[in-house]
Amino acid sequence: MEIIRNFPAAAILLCLFAGIVSSGLKPKAAKWLNHALIVVEMALNLCTLYYTAVTGEAFVYVMGKFPAPWGNEIRAGVLEALLALFVCGVMLLSLLGGEKELEEKVEENKLFLYYVLADHLLCSLLALIYTNDLFTAYVFVEINTISACGLIMIRQTGRTIEAAVRYMIMSLLGSGLLLMGLCMLYDLTGHLLMSNIQESVARLHASGMYGVPLTVTIGLMTVGLAIKSALFPFHTWVPDAYGYSTASSAAILSSLVSKGYIFLLIKIIYRVIGFEVFHDTKIVNVLFLFGLAGMIFGSLSAIKENNIRRMIAFSSVAQIGYIYMGIGMGTQAGMVAAIFHIFSHAAAKALLFVACMGITGASGGSVKFQDLTGAAYRNKLAGAAFTAGSLSMVGLPLFSGFISKLLFAQAAVQNQGKMLPALVVLAVSTILNAVYFMKTVIRIYTPEQSPYEGITWKNQKLLTVSCVLLTVLNLHLGCLSQSWENLIMKGLGMFA
Amino acid sequence: MSGILMLGAILLPILGSIPIFLFKWQNRKAMRIYVELLVCAASLLVGYLLLRGPSAPFTVVTFTGNLTVEFKIDGLSTVFAGMIAVLWPFATLYSFEYMRNEPRERSFFLFYTMTYGVTLGIAMSGNLLTMYFFYELLTLVTVPLVMQTLTREAILASRKYLYYSLGGAAFAFIGLVFIIVYGSSIDFVYGGVLDLVKVGSRTNILLLIYVFAFCGFGVKAALCPFNSWLPQAGVAPTPVTALLHAVAVVKSGAFAIMRLTYYSYGTEFLKGTWAQDVVMTLTIITIVYGCSRAVKETHLKRRLAYSTISNLSYILFGVSLMTPAGLMGGLTHMLFHAFIKICSFFCVGAVMHETGRNYVHEIDGFGRKMPKVFACFTVSALALMGVPGMAGFISKWYLAGAAISTGEPLACAGVAALLISALLTAIYMLTIVVRAYFPPREFDYAAIEQVRDAKPLMWLPLLFFVIVILLFGVASRPITGFLGEVAAGRY
Amino acid sequence: MIFTAILIPVLAGLILLLGPEWKNRKQLCGFTDAALLLSFLAVCVALGTTKENEAVTLFNLTTGLPIFFKIDGVSRFFAVLTGILWVPAGIYAFGYMEHEWKEKRYYGFYLLSYAVLTGLDFSGNLITFYLFYESMSLLTLPLVLHNGSKEAIMAGLKYLFFSLAGAYMVLFGLFLLNRFGNTLTFTAGGVLDAALLEGREGLLLAGAFLMILGFGVKAGMFPLHAWLPAAHPVAPAPASGVLSGMIAKCGVLGVIRTVFYLFGADFLRGTWVQQVWLVLSLTTVLLGSMMAYREKGLKKRLAYSTVSQVSYILFGLATLQWEGFTGAFLHTAAHALMKCGLFLVAGAIIFKTGKTKVEELSGIGRQMPVTMICYTLLSLSLIGIPPFGGFVSKWFLGRGGVNSGLPVFDILGPAVLLVSALLTAGYLLPISIRGFLGGEESVVRPEKKEPSFLMLAPIVLFTVLVTVLGICPDKVIGYITEIAKVLIKEGMTG
């Protein structure tokens with residue numbers, strides 16, 4: 001069993017190598033390699049999850065046996081393993097679902113690149129999840145940015161390039177802030193490993209020295225990651241980046257990439273700064289407020305949108321707002337809710353993007369609402385899947401969104417000061433979600449004579465598989481959430 | 001055993017309706033027979049269950065911790081489930097005739113039958129979460145019914161309905177969360193489940209949330225100012241407007257509020273607080289508002305829809321009195337209004353179906369051409385006004401009696417509102433009757449020569465409703481006695 | 001027996017309404033006539049056979065809400081009066097309705113209304129009373145809008161909605177009484193429970209006031225009188241006659257039941273309710289007379305007169321004093337006969353000449369001498385000139401006012417009654433004067449236009465009855481005093 005301790009590091013390195021190998025392969029081979037890779041990764045992470053769950057404690061893997069403070073560490077707990085497993089799964093499903101579109105829309109000679117980027121993206125995501133070392137984290141943040149940028153740009157139209165540039169600028173701004181934060185933290189503590197920093201920060205906090213610089217540092221890092229994860233009002237890059245890239249890219253970006261950053265932030269809060277210290281800085285309140293604002297304004301923008309892809313993108317802004325609201329609650333319960341929502345939103349959003357592709361595919365590729373009328377009859381499966389995703393987003397019982405909502409609300413109830421605003425915004429945002437998602441559902445279920453041909457599941461087997469599995473995943477999260485909650489609680493316990 | 005049967009009764013219409021959609025049904029008659037048999041079977045099953053009396057809770061699924069999907073039958077369920085189980089088969093008969101010439105018949109019956117199961121689910125829910133779940137589901141299965149005609153108007157209406165309903169549920173959800181957190185359980189227990197130790201000094205916030213949840217569920221019950229979806233949803237085919245938007249859906253809202261008030265929060269906690277005043281004021285406003293809008297409205301179905309708004313708030317007013325007598329008044333009105341309103345809607349529907357006329361000023365002289373329909377309509381109009389000897393009077397009697405017994409000034413104002421509303425009801429209902437029976441002297445009957453009375457499938461249900469209305473009106477003692485027991489939590 | 005009395009006209013009415021058209025008009029009239037007489041006979045038998053205060057329960061609406069009948073002095077008085085009015089007016093209609101349409105419908109509803117009125121008179125408790133009261137509003141509606149003109153339909157709806165508004169005010173009081181009273185059964189002296197009442201007097205007084213106001217709607221009491229001048233004139237003349245003569249009195253009956261049998265005179269004496277009630281009734285008396293004085297249409301003038309005269313009755317009741325009470329009853333009877341007669345006269349004029357405006361009636365007396373003599377006699381009675389019924393009733397009303405012991409009102413009341421009597425003379429007598437003396441002198445031998453016997457007989461009958469009431473009122477006064485003794489303890493010296 002001890003060998004499992006190597007698995008996280010192996011998983012990261014495997015991705016890296018697979019990416020490098022893929023660059024020399026034909027597209028088809030690269031594709032298969034990528035899928036095989038993800039399956040293997042899933043196996044590895046599953047083992048890790050099992051191991052950590054059974055042993056009941058996290059383990060630290062020291063790269064190259066260099067001990068701290070010089071070495072480079074990886075740390076795996078239940079939560080990390082769970083998230084890593086989840087990321088692999090959703091990524092595979094997103095790629096499968098969007099495969100047909102990729103082959104149609106991306107130039108033949110660039111197709112292999114897509115898989116190279118995907119491999120690297122997965123690598124960086126896993127690294128962000130597992131790392132126990134702030135500098136490593138920074139490095140992979142950059143890798144992540146670059147590969148994500150590539151994923152956006154791979155479909156070369158004017159809009160995607162513009163979107164990619166925008167994404168790049170905002171992202172780099174975020175990275176820059178994060179880097180500054182890191183540097184200052186290094187200055188303050190002299191460490192880069194998370195556990196070491198935490199000790200120092202705790203000492204600093206206790207002694208009351210460097211109070212302002214510490215706060216500034218925390219602020220910088222938080223804002224940096226917030227920008228990267230598209231927290232309102234730093235979300236301006238989102239609609240274009242998700243709206244014009246390929247469906248797989250959009251699904252991956254919105255479900256996974258932004259969540260990677262959020263998870264990193266959570267990790268920093270718990271493992272670097274310490275929950276109490278972070279709470280004392282009042283930055284939680286700022287996050288809470290921005291989260292609430294995001295929930296409302298994201299949805300409002302989505303309502304105004306006339307492009308289904310951009311609408312879903314704006315919805316992501318709102319959902320990210322939920323997560324930040326949970327974090328901003330400043331309680332354990334809020335954090336559990338936020339983390340659960342990371343899962344739940346990832347599952348639902350991936351489903352939506354993939355199903356959306358099916359719908360637009362049955363409407364001549366148009367993403368304009370007026371062309372989508374009756375699309376659910378032309379592509380029954382995608383229509384049903386889109387409906388399922390929407391219901392999850394709106395928070396209907398049995399779907400994952402309901403449990404998130406429930407957890408958020410329960411967390412809010414236990415927090416005297418933030419209860420009312422949180423609850424009211426939660427309710428209002430539910431209504432807004434209902435407005436734009438249900439509007440879309442009704443439109444696609446309004447029968448109309450259409451020039452576009454129907455698509456049956458035989459012509460889109462991969463999409464079918466992807467949609468069905470993602471829907472099942474949503475329902476699973478919605479119906480059997482207890483085990484997920486337990487794992488999250490356990491994982492959070494291991495953070496300390 | 002009874003647990004399985006309960007689940008069966010709920011699932012039977014839901015799952016049984018799927019074949020309606022799966023097969024092509026070359027023979028429409030076969031489909032109709034199938035649907036009717038299905039609905040009757042479910043009703044019989046429900047009837048059997050209800051006659052067996054209250055049942056132990058039956059847990060189907062456990063989500064997390066004490067969050068379960070659970071069914072049980074108690075007094076309140078008996079009333080609600082019994083009501084819809086009686087109404088549904090008749091409404092289905094009526095809709096066969098009504099939908100004969102409409103397109104998309106299959107999808108109509110699919111969702112129409114499904115709704116039956118979902119409403120039963122609401123009725124038999126054993127805890128707040130289950131009810132919330134079916135409540136949301138109800139919204140979803142009824143949207144296609146509103147959309148049925150697929151006109152632009154219908155789509156706008158269904159959207160609005162959806163937004164309002166889901167939005168309301170979002171606020172009701174907050175109430176649910178508070179019960180989860182501050183209740184000893186989420187089960188429905190007469191008298192409430194709030195754990196006063198946990199509540200501590202947070203009384204005010206809980207009251208605020210109660211108001212939220214009341215309004216949230218109140219959206220479905222068309223509480224002012226959340227009522228504008230209901231008249232608009234009148235674009236749906238009449239069986240939908242009659243059964244769903246006068247009975248099943250809107251009364252689910254009222255039913256949910258009863259559960260919330262008497263079985264979750266508990267009247268002990270709420271009585272005499274500002275929350276009670278707020279909700280009662282809202283209901284009083286709605287009572288008067290609905291009626292006055294109905295008087296102004298000239299579209300027949302919309303007029304009745306506004307009337308429904310007002311009458312639903314009668315129920316809610318009874319509930320907001322927070323006494324067993326008030327609940328009993330509310331229950332009585334819920335039951336009686338169901339029969340009355342479905343009767344008047346079906347009459348109007350028959351007119352629309354036979355002649356395509358929609359407005360009050362178009363029905364001059366119809367009393368002679370459609371005697372059966374307008375006789376029934378007149379009965380329902382009188383009952384709705386509350387003429388003694390008809391069902392409507394009894395329920396108003398109990399409502400007003402309960403209100404006056406509390407001795408609160410606001411409750412007395414509510415009684416005044418009831419009476420003002422009764423007058424307005426008389427105005428908007430009787431103008432229709434007078435027009436139909438007493439057209440102006442110069443009216444030319446030749447203009448409506450081709451108008452025929454409704455076909456048997458349409459008027460037989462009407463006849464049944466009329467008999468029930470009269471029966472309830474003159475011999476209500478058994479039923480009111482039972483409702484009294486239920487409202488006192490003794491059943 | 002009571003059921004039979006109600007059931008006979010109901011069945012006959014339903015046969016007429018639901019049955020096929022009658023080919024022979026004579027048969028139709030004969031059937032209606034037979035039904036009317038039979039009903040009246042049944043009422044009389046019921047009055048004769050049923051013991052005082054014997055309750056006959058029909059069924060229970062719900063727990064504690066029985067529909068039951070009981071006959072007491074007031075019931076007798078009103079039941080007899082109803083019959084005396086209803087049967088002749090029905091007979092008159094056989095003549096009058098010849099030129100109207102849809103006779104069958106008219107007779108059907110006429111019979112149904114009679115049944116309802118009988119039920120109203122015999123009602124043993126408030127809920128039964130309310131049931132018949134509301135049915136009365138609904139069933140008399142077709143009589144009002146019978147002629148089917150736009151104006152008539154609008155007036156009919158106005159009538160209906162005002163009546164219902166009144167009924168709902170009553171219902172409010174009903175709810176209150178159900179809570180604070182021992183029972184809803186009409187009990188001489190009131191049903192209020194002093195123990196339950198403690199501290200709620202204000203609410204109860206408001207309830208009582210609303211009930212008086214609500215029943216006052218039917219009686220045309222200010223401020224809810226506006227429907228009356230619109231609705232009474234548009235109906236066919238016999239219907240106007242019974243509307244003004246009897247239906248308006250049902251409001252009075254309601255007030256009597258409310259004040260003396262539910263709340264009890266003692267509960268209201270000296271309260272603001274009594275004051276306001278007095279003010280309202282006196283206002284109405286004056287207002288009605290003045291409006292009648294200004295009005296040009298004959299039937300409408302009579303309708304305004306009804307507004308005024310019925311409030312005489314209300315004033316009498318409002319004094320809460322036995323003389324006023326007696327006067328009220330007398331005036332109920334006298335006014336019913338007089339006003340019904342007057343409307344029938346107006347109907348006869350319209351039927352024969354088609355004239356509706358007052359100024360067109362010059363010389364009418366020479367064309368229709370018998371009719372106009374009856375008119376004059378009835379007018380004199382209405383003004384209050386001996387030896388007619390109107391004088392006796394007004395005498396008692398005036399005495400009631402003077403002896404009421406109420407400050408201000410003991411002077412003001414009789415004064416207003418007198419002024420109103422002057423006005424009454426002013427609006428009724430000129431018609432007679434011009435009818436007999438005016439007109440073109442050249443017409444030496446005018447064409448006789450006397451109506452048929454069927455129409456003339458009821459008019460003459462009413463005139464005779466009013467005269468008889470005026471000449472020997474002792475029996476009636478004695479009867480009423482018996483009732484008053486039980487109800488009003490105070491001031492019963494004479």
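No experiment lies behind these values; they were computed from the predicted model shown.

(A) Inspection of the overall build of chain B at higher detail. Looking only at helices and strands, one finds 21 helices and two strands in chain B. Rg of the C-alpha trace for chain B: 21 Å, near the compact-globule value of 23 Å for 491 residues, within the 12% margin. In terms of overall dimensions, chain B has a C-alpha envelope of 75 × 55 × 45 Å along the principal axes. Here chain B holds 491 residues, and 69% of them are scored as buried. In chain B, of all internal contacts separated by at least 6 residues, the share reaching a separation of at least 24 is 81%. When the accessible surface of chain B is totalled, it reaches about 14300 Å², and 66% of it is carbon and sulfur. Each charge class in chain B can be summarised by its mean position, and for the 35 positive and 22 negative side chains these summaries are 4 Å apart.

(B) Molecular detail of the overall build of chain A. Each helix and strand in chain A was counted, giving 20 helices and two strands. Relative to the 2.2 N^0.38 estimate, which gives 23 Å for 496 residues, the radius of gyration of chain A is 21 Å and therefore close to what a compact globule would have. A principal-axis box enclosing the C-alpha atoms of chain A has dimensions of 75 × 55 × 45 Å. Within chain A, the fraction of its 496 residues that count as buried is 65%. By sequence separation, contacts in chain A at least 24 residues apart represent 82% of the contacts at least 6 residues apart. Counting every atom, chain A has about 16300 Å² of accessible surface; 68% of that belongs to carbon and sulfur.

(C) Molecular detail of the pattern of salt bridges. Residues and elements named next belong to chain B. Under the counting rule described, the total for this entry stands at 18 salt bridges over all chains. For Arg-490, the salt bridge is made with Glu-485, and the minimal N-O distance between the two is 3.1 Å. Taking the relative accessible area as the measure of exposure, Glu-485 reaches 33% and is therefore partly exposed.

(D) Focus on the interface of chain B and chain C. Counting residues at the interface gives 39 residues for chain B, matched by 41 residues for chain C. Taken together, the two surfaces of chain B and chain C that pack against each other cover about 3300 Å², and 72% of this comes from carbon and sulfur. A per-residue breakdown of the area chain B buries against chain C is headed by B:Trp397, B:Phe438 and B:Arg441, which together make up 23% of the total. Counting every contact that joins chain B to chain C gives zero salt bridges. The tally of links between chain B and chain C comes to two residue pairs in polar contact (both at pLDDT 80 or more). When residues of the side of chain B that touches chain C are traced back to their parent elements, those giving at least two are helix H17 (371-385), helix H18 (391-406), helix H19 (409-437), helix H20 (456-474) and helix H21 (477-487) of chain B. Among the elements that take part in the side of chain B that touches chain C, H19(B) stands out by supplying 12 residues, more than any other. For the side of chain B that touches chain C, the class distribution of residues is 26 nonpolar, eight polar and five charged.

(E) Up close: the packing of helix H7 (residues 152-182) of chain B against helix H11 (residues 238-265) of chain B. Residues and elements named next belong to chain B. Running from N to C, H7 and H11 cross one another at 10°; their axes reach a closest spacing of 12 Å. The pairing of H7 with H11 is recorded here as roughly parallel in orientation. Contact with H7, carried on its side by Tyr-161, Gly-175, Phe-178 and Ile-179, involves Val-249, Ser-264 and Tyr-265 of H11 and no other residues of that element. Among the residues making up the contact of H7 with H11, the classes are represented as five nonpolar, two polar and no charged.

(F) How the structure looks around the arrangement of the chains. Between chains B and C lies the most contact-rich interface of the two pairs of chains that touch. Spatially, chain A and chain C are disjoint, and the shortest separation between their C-alpha atoms is 40 Å.

(G) Highlighting the pairing of strand E2 (residues 72-76) of chain A. Residues and elements named next belong to chain A. Burial of E2 is extensive: four of the five residues sit out of reach of the surface. Across five bridges, strand E1 (residues 59-63) lies against E2 in antiparallel orientation. Looking at E2, one finds that Phe-59 is bridged to Ala-76.

(H) The side chain of B:Ser307, seen in detail. Residue and element names in this part refer to chain B. Following the sequence through the fold, Ser-307 ends up in helix H14 (residues 300-320). Reaching out from Ser-307, the side chain makes a polar contact with the side chain of Lys-341 at a distance of 2.6 Å. With residues near it in sequence (within four places) discarded, Ser-307 still touches Ala-294, Lys-341, Leu-384 and Tyr-428.

(I) Looking closely at helix H14 (residues 332-361) of chain A. Look at H14(A): 43 Å from first C-alpha to last across 30 residues, which is about the 44 Å you get at 1.5 Å a residue. Counted residue by residue, H14(A) has 27 buried out of 30 residues, so it is predominantly covered.

(J) Expanded view of the packing of aromatic side chains. Evaluated as defined, the whole model comprises 68 aromatic pairs over all chains. Ring geometry for C:Phe260 and C:Phe325: centres 4.9 Å apart, planes at 80°, overall edge-to-face. Taken as a pair, C:Phe260 in helix H10 (residues 237-263) and C:Phe325 in helix H14 (residues 322-353) lie far apart in primary sequence, 65 residues in all. Assigned by exposure class, C:Phe260 and C:Phe325 land together as buried. Within the aromatic cluster, the residues linked to one another by ring pairs are B:Phe90, B:Tyr94, B:Tyr98, B:Phe336, B:Phe339, B:Phe346, B:Phe464, B:Phe465 and B:Phe472. Its guanidinium or amino end placed over the ring of A:Phe288, A:Lys418 lies 5.2 Å from that ring's centre, counting from NZ or CZ.

(K) Inspection of the nonpolar core at higher detail. Ranked by size, the top nonpolar core spans 604 residues in total, and within it B:Phe178, B:Tyr265 and C:Phe260 carry the most contacts. The contact partners of B:Tyr265, leaving out residues within four places of it in the chain, are B:Gly175, B:Phe178, B:Ile179, B:Gly192, B:Leu194, B:Leu206, B:Ile209, B:Tyr210, B:Leu260 and B:Leu270.

(L) Spotlight on the interface of chain B and chain A. Chain B puts 35 residues into the contact, and the matching count from chain A is 36 residues. Between chain B and chain A lies a buried interface of about 3000 Å² when both sides are counted; carbon and sulfur atoms form 82% of it. The largest contributions to the chain B side of the interface with chain A come from B:Phe63, B:Tyr163 and B:Phe173, which together make up 20% of the buried area. Applying the counting rule to chain B against chain A returns zero salt bridges. Here chain B is connected to chain A by one residue pair in polar contact (both at pLDDT 80 or more). Considering every element that reaches the side of chain B that touches chain A, the biggest residue donor is H7(B), with 17 residues. Looking at the side of chain B that touches chain A residue by residue, the classes come out as 27 nonpolar, four polar and four charged.

(M) Layout of the packing of helix H5 (residues 126-144) of chain C against helix H8 (residues 201-218) of chain C. All names here are of chain C. Put simply, H5 and H8 touch, their axes get as near as 12 Å, and they point 35° apart. Crossing geometry of H5 relative to H8 is assigned as left-handed. Here Leu-126, Phe-129, Tyr-133, Met-136 and Ser-137 of H5 come into contact with H8, specifically with Met-211, Gly-214, Phe-215 and Lys-218.

(N) Structural detail: a nonpolar patch on the surface. All names here are of chain B. A contiguous nonpolar surface patch, about 470 Å² in accessible area, is contributed by Leu-11, Leu-15, Ile-18, Leu-22 and Phe-23. Mapped by element, the contributors of at least two residues to the nonpolar patch are helix H1 (2-16) and helix H2 (18-22). Within the fold, Leu-15 resides in helix H1.

Rules behind the numbers
Residues numbered from 1 in each chain as written. Chains lettered and ligands numbered in written order. Predicted model: local features only at pLDDT ≥ 70, side-chain atom pairs only at ≥ 80, totals over all residues. Heavy atoms only, no water. Helix = DSSP H or I, 4+ residues; strand = E, 2+ residues; numbered from the N terminus. Rg over C-alpha atoms; globule rule 2.2 N^0.38 Å. Buried < 20%, exposed > 50% of the residue type's maximum accessible area, 1.4 Å probe, protein only. Contact = heavy atoms within 4.5 Å. Areas by Shrake-Rupley, 256 points an atom, 1.4 Å probe, with all protein chains shown as cover. Lys, Arg positive; Asp, Glu negative; His and termini not counted. Charge placed at Lys NZ, Arg CZ, Asp CG, Glu CD. Salt bridge = Lys/Arg side-chain N within 4 Å of Asp/Glu carboxyl O. Buried area = accessible area lost by both parts, 1.4 Å probe. Polar contact = N/O pair within 3.5 Å; in protein donor to acceptor, adjacent residues only side chain to side chain. Nonpolar A, V, L, I, M, F, W, Y, C, P; charged D, E, K, R; others polar. Axes fitted to C-alpha atoms, helices over the stretch in contact; angles between N-to-C directions. Parallel < 35°, antiparallel > 145°, perpendicular 65-115°, else oblique. Pairing = 2+ DSSP bridges. Expected span 1.5 Å × (residues − 1). Phe/Tyr/Trp six-rings, centres within 6.5 Å; stacked < 30°, edge-to-face > 60°. Lys NZ or Arg CZ within 6 Å of the ring centre and 35° of its normal. Core = buried A, V, L, I, M, F, W, Y, C linked by side-chain atoms within 4.5 Å. Left-handed = near helix turned anticlockwise from the far one by under 90°. Patch = residues over 30% accessible without salt bridge, like charges linked within 9 Å, V, L, I, M, F, W, Y side chains within 5 Å.

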